[in-house]
Amino acid sequence: MERDDAEFRAANERITTMAEELRKAELVRDRLEDLDRLMGSYPEGHDMRARLEELHVDRALEGVNEDIRVLMDALQYPRGT
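Residues numbered from 1 in each chain as written. Predicted model: local features only at pLDDT ≥ 70, side-chain atom pairs only at ≥ 80, totals over all residues. Heavy atoms only, no water.

### Considerations on the overall build of the chain
Helices and strands together make up the secondary structure of the chain, namely three helices and zero strands. Written out in order from the N terminus, the α and β elements of the chain read α-α-α. Its C-alpha atoms give the chain a radius of gyration of 19 Å, more than 25% over the compact-globule value 12 Å for 81 residues. Reported as C-alpha extents along the three principal axes, the dimensions of the chain are approximately 65 × 20 × 15 Å. Within the span of the chain, comprising 81 residues, buried residues form 14% of the whole. (Helix = DSSP H or I, 4+ residues; strand = E, 2+ residues; numbered from the N terminus. Rg over C-alpha atoms; globule rule 2.2 N^0.38 Å. Buried < 20%, exposed > 50% of the residue type's maximum accessible area, 1.4 Å probe, protein only.)

### Observations regarding helix 3 (residues 57-76)
Taking 1.5 Å per residue, 20 residues should reach 28 Å; helix 3 reaches 28 Å between its end C-alpha atoms and fits that length. Buried residues of helix 3: Val-57, Leu-61, Val-64, Ile-68 and Leu-71, and no others. With its buried residues spanning 90° around the axis, helix 3 presents them on a single face. Seen from the open side of helix 3, the exposed residues pointing more than 90 degrees away from its buried face are Arg-59 and Glu-62. Tucked into the core, helix 3 has its buried residues touching helix 1 (2-41) and helix 2 (47-54). (Expected span 1.5 Å × (residues − 1). Arc of directions from axis to C-beta. Contact = heavy atoms within 4.5 Å.)

### What about the pattern of salt bridges?
For the coordinates displayed, the defined rule picks out seven salt bridges. A salt bridge links Glu-44 to Arg-49, with the shortest nitrogen-to-oxygen separation between them at 3.1 Å. Take Arg-49: its relative accessible area is 16%, and that puts it in the buried class. One network of salt bridges, in which partners are shared, links Glu-44, Arg-49 and Glu-53. (Salt bridge = Lys/Arg side-chain N within 4 Å of Asp/Glu carboxyl O.)

Set out below in structure tokens:
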């Protein structure tokens, strides 16, 4: 019984940690999307747009979206499919 409680607490802690990681990743995604929109507000060839393009926001956004997908899958299917 004690072992079951410890396993339950450990699983609950893992889920809480993953949920917090998901929340942070979603915040990063939102900020990257805002930055991408801001970049698009500058005309082609503008110095600020060029600086922002050098950050490769699009690639960062793709990576963060993949991280979010993995975290969501892990939370929905904690023992795998």
